[in-house]
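For reference, the chains in residue letters:
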Amino acid sequence: MDLFYTLMFTVFPYLCLTTFVVGHSYRYVTDRYAWNSHSSQLLDNQSLRWGSVLFHIGIILTFLGHAGGLLIPQKYYDLFGITSDMHLAIAHWMGEVVGIAALAGCLLLLWRRLTNDRVRTAGSVNDLITLGGLTLVVAGGVYNVFFGNYNVLDSVAPWIRGIVFFSPDPELMRPVPLGFKIHVTLAWALLAFSPFSRLVHIWSVPVFYFFRRWILFRRHVRQS
């Protein structure tokens, strides 16, 4: 059992992270022209709209929530008067809202890809695996929010920080419910798969757009 926990919650995450970093770097150097989402918007824009909006809003807010909730130790929240109970309550209610949005978006996009003839014909098995993997990861997270009822601040959160700062302790995951273990394992696997899919476009989020210089438009008045 000790070997199993070491393999699953130390070796496996680092293999996935290594694949993520090396895979994305290699693909950017060798396959830069395919560095995009391969959008099927031109094939069918109407059915894409709601699924895409719900998915992207939900997944971005979910990522930010996970980063802020798991990577920042509770002691820093205490400095601002946010107790662990308040932290968990905020994470729970926000997780319900953004989790449902992300899951609804995933299901709409998956349904569209399976039922729209034009989109299905132009797509690939890789696209279905990507959407299926995203749906499973998000669905696992939503299930844990509604039915998990477990304090991750004393187990999953320090384990994640240990992975990030190269001091992993797989024993922290021993008391964690099975649903959470499956969720984090699928999430690591999806990270490892991302360099080989259209998920490479996560690096194309237009963050720098908000910091660019203003573009001024001036009306040209003809002199008569």
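Because the structure is predicted, anything quoted here is derived from the model rather than measured.

1. Considering unusual backbone geometry
Although it is not a glycine, Asn 149 adopts a positive phi angle of roughly 50°. Here Asn 149 is to be found in the loop between α6 (125–148) and α7 (156–164). Taking the relative accessible area as the measure of exposure, Asn 149 reaches 75% and is therefore exposed. One non-glycine residue with positive phi stands out, namely Phe 166, at about 60°. Counting through the fold element by element, Phe 166 comes out in the loop between α7 and α8 (178–193). Taking the relative accessible area as the measure of exposure, Phe 166 reaches 67% and is therefore exposed.

2. So, the nonpolar core
Ranked by size, the top nonpolar core spans 16 residues in total, and within it Phe 9, Val 156, Trp 159, Ile 160, Met 173, Val 184 and Trp 188 carry the most contacts. Mapped onto this core, the elements with two or more residues apiece are α1 (2–30), α7 and α8. Element by element, the count of residues in this core is highest for α7, at five residues. Look past the residues within four positions of Val 156 in its chain and what remains in contact with it is Met 173, Val 176 and Val 184. Counting 13 residues, the second-largest nonpolar core is a separate cluster that includes Ala 102, Leu 131, Leu 190 and Leu 199.

3. Section: the pattern of salt bridges
Tallied over the full model, the rule gives four salt bridges. Measuring nitrogen to oxygen at the nearest pair gives 2.8 Å for the salt bridge that ties Asp 2 to Arg 174. Here the residue Asp 2 occupies a position in helix α1, and Arg 174 occupies one in the loop between α7 and α8, the gap between them amounting to 172 residues. Owing to a relative accessible area of 51%, Asp 2 belongs among the exposed residues under this scheme. A salt bridge links Asp 127 to Arg 113, with the shortest nitrogen-to-oxygen separation between them at 3.6 Å. Placement of Asp 127 in helix α6 and of Arg 113 in helix α4 (residues 84–115) is noted, with a sequence separation of 14 residues between them. An identical accessibility class is assigned to Asp 127 and Arg 113; each is buried. One salt-bridge network, in which partners are shared between bridges, spans Asp 2, Glu 171 and Arg 174.

4. Considerations on a nonpolar patch on the surface
On the surface, Leu 71, Ile 72, Tyr 76, Leu 79, Phe 80, Val 164 and Phe 165 cluster together into a nonpolar patch covering about 770 Å² of accessible area. Following the sequence through the fold, Ile 72 ends up in the loop between α2 (46–71) and α3 (74–78). Its relative accessible area of 38% is what places Ile 72 among the partly exposed residues.

5. Regarding the side chain of Arg 198
Summarising the element assignment, Arg 198 is placed in the segment after α8. Within the local environment of Arg 198, its side chain forms a polar contact with the side chain of Asp 127, the two groups lying 3.2 Å apart.

Conventions adopted
Residues numbered from 1 in each chain as written. Predicted model: local features only at pLDDT ≥ 70, side-chain atom pairs only at ≥ 80, totals over all residues. Heavy atoms only, no water. Helix = DSSP H or I, 4+ residues; strand = E, 2+ residues; numbered from the N terminus. Buried < 20%, exposed > 50% of the residue type's maximum accessible area, 1.4 Å probe, protein only. Core = buried A, V, L, I, M, F, W, Y, C linked by side-chain atoms within 4.5 Å. Contact = heavy atoms within 4.5 Å. Salt bridge = Lys/Arg side-chain N within 4 Å of Asp/Glu carboxyl O. Patch = residues over 30% accessible without salt bridge, like charges linked within 9 Å, V, L, I, M, F, W, Y side chains within 5 Å. Areas by Shrake-Rupley, 256 points an atom, 1.4 Å probe, with all protein chains shown as cover. Polar contact = N/O pair within 3.5 Å; in protein donor to acceptor, adjacent residues only side chain to side chain.

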